[in-house]
Amino acid sequence: MTFVQLIECKTDRFEEMNRLIDAWVEQTRGKRTATHDLVGRDRSDGSHFVELLEFPSYEEAMRNSNLPETGRIFQEMVALCDEMPVFTDLDVVRDEQLCTDTVRRFFDTLSTAGELPPLNDLITEDCHSHDPVNPQDTIGLDAIRRECRVWRDAFDFTFTAEDVVAQGERVCARWAWKATHQGEFLGIASTGRQVTMTGMTLFRLGPDAKIADIWWQYDQLGLMEQLGALDALET
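Residues numbered from 1 in each chain as written. Predicted model: local features only at pLDDT ≥ 70, side-chain atom pairs only at ≥ 80, totals over all residues. Heavy atoms only, no water.

J.: Break down the overall build of the protein for me, with residues and values.
T.: A tally of helices and strands in the protein yields seven helices and 10 strands. Against the compact-globule benchmark of 18 Å for 235 residues, the protein has a radius of gyration of 25 Å, which places it well outside the compact range. When its C-alpha atoms are laid out on the principal axes, the protein stretches across 75 × 40 × 35 Å. Among the 235 residues that make up the protein, the fraction classed as buried is 40%. Within the protein, contacts between residues at least 6 apart in sequence are counted, and of these 62% link residues at least 24 apart. When the accessible surface of the protein is summed, it comes to about 13800 Å², and 50% of that surface belongs to carbon and sulfur atoms. Once the 23 positive and 43 negative side-chain charges of the protein are each reduced to a mean point, those two points are 1 Å apart. (Helix = DSSP H or I, 4+ residues; strand = E, 2+ residues; numbered from the N terminus. Rg over C-alpha atoms; globule rule 2.2 N^0.38 Å. Buried < 20%, exposed > 50% of the residue type's maximum accessible area, 1.4 Å probe, protein only. Contact = heavy atoms within 4.5 Å. Areas by Shrake-Rupley, 256 points an atom, 1.4 Å probe, with all protein chains shown as cover. Lys, Arg positive; Asp, Glu negative; His and termini not counted. Charge placed at Lys NZ, Arg CZ, Asp CG, Glu CD.)

J.: Lay out the pattern of salt bridges in plain terms, naming residues and giving numbers.
T.: Between side chains of opposite charge, pairing is possible as soon as their charged atoms come close. If you walk through the whole model with that rule in mind, you get 10 salt bridges. Residue aspartate 121 is joined to arginine 105 by a salt bridge in which the shortest nitrogen-to-oxygen separation is 3.5 Å. Here aspartate 121, found in the loop between helix H4 (98-111) and strand E5 (123-130), pairs with arginine 105, found in helix H4; they are 16 residues apart in sequence, far enough to count as distant. Judged by relative accessible area, which is 45%, aspartate 121 ranks as partly exposed. Residue aspartate 213 pairs with arginine 204 through a salt bridge whose shortest N-O separation is 2.9 Å. Taking relative accessible area as the criterion, aspartate 213 reaches 10% and is therefore assigned buried. On the basis of relative accessibility, which here comes to 23%, the residue arginine 204 falls in the partly exposed class. Each of Asp101, Arg105 and Asp121 takes part in one network of salt bridges that share partners. (Salt bridge = Lys/Arg side-chain N within 4 Å of Asp/Glu carboxyl O.)

J.: Outline the state of the cysteines, listing residues and values.
T.: What the rule picks out here adds up to zero disulfides. Cysteine 127 carries a free sulfur, and the closest cysteine sulfur to it, the one in cysteine 148, is 9.7 Å from it. Residue cysteine 127 is classed as buried on the basis of its relative accessible area, which comes to 0%. In this model cysteine 172 remains outside any disulfide bridge; the closest cysteine sulfur is found in cysteine 99, 12 Å from its own. Residue class for cysteine 172 comes out partly exposed when judged on its relative accessible area of 26%. (Disulfide = S-S within 2.5 Å.)

J.: Explain the side chain of asparagine 64 to me, and be specific about the residues and the numbers.
T.: Mapped onto the fold, asparagine 64 is located in helix H2 (residues 58-65). Non-local contacts of asparagine 64, meaning those with residues more than four positions away in its chain, are made with Trp24, Arg32, Thr33, Ala34, Phe55 and Thr70.

J.: With reference to specific residues and values, describe the sheet that holds strand E8 (residues 170-181).
T.: Strand order in the open sheet made by the six strands is E6-E5-E10-E9-E8-E7, with mixed pairing throughout. Both outer strands of the open sheet, strand E6 (138-139) and strand E7 (155-167), are each paired with one neighbouring strand and no more. Two elements, E7 and E8, share 12 bridges in a ladder whose sense is antiparallel. Across the sheet, the residue bridging to phenylalanine 159 is tryptophan 177, located in E8. Each of E5, E7, E8, strand E9 (194-205) and strand E10 (211-218) touches H4; the most contacted strand, E7, lies at about 175° to it. Contacts from helix H5 (residues 141-154) reach E5, E6, E7, E8, E9 and E10 within the one sheet, and its direction differs from that of E5 by about 60°. (Pairing = 2+ DSSP bridges. Axes fitted to C-alpha atoms, helices over the stretch in contact; angles between N-to-C directions.)

J.: I'd like a description of the nonpolar core, backed by residues and values.
T.: Counting 37 residues, the largest nonpolar core has Phe106, Phe155 and Trp177 as its most contacted members. Breaking this core down by element, the ones donating at least two residues are H4, E5, H5, E7, E8, E9, E10 and helix H6 (220-226). In this structure, phenylalanine 155 is in contact with Trp177, Ala179, Thr180, His181, Gln182, Phe185, Val195, Leu223 and Leu227, ignoring residues within four places of it in sequence. Counting residues in hydrophobic clusters, the runner-up holds 16 residues, among them Phe3, Leu20, Met77 and Cys81. (Core = buried A, V, L, I, M, F, W, Y, C linked by side-chain atoms within 4.5 Å.)

In structure tokens form, the structure reads like this:
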């Protein structure tokens, strides 16, 4: 179970505190068990800071606390604070990355049978889709929907999001795609073949939590080979 340690302190010497955190990160490289460090400043009290340290488990947090480097940095941290820092130990009982839900719904929606939904609840009006196969970016919701329809008219497909990882406003998805070739695609008439493809897509979400940028990476060469488009080149 993920474990979070919440540390609250009051100080007017945050820049020095910040350098202490940098020193701890450098000195504990290869030793620390913390996986995420987040520091926030109280809007209503500029001297009030809250740090959240995330660990894989309580046991790993205790290992991290017992590092000599952690002990030394803590003593220096106390000296910078107006009063003793307050520690709160938290077992994480719910952890939901809401931005990853948007990405998963995007893939599910593309795979939905029937008329393609508007997508305006998932994609911004000026979204940019970056595909290395296309010489130019596809810009705008309407243009992206037209591009999606090209694939949907050519294939009956499903996406499986194998891994979805979020960091800030960006989400990366590793996916698997399975399809039946049922319509013309890049000049190739329907073959009825079962085809597969894997890829990774990076998304940037805008302030409204909708997708604002999409960067595609996928094995199109492998797809064309499965469709028989390379047969003439091999003879």
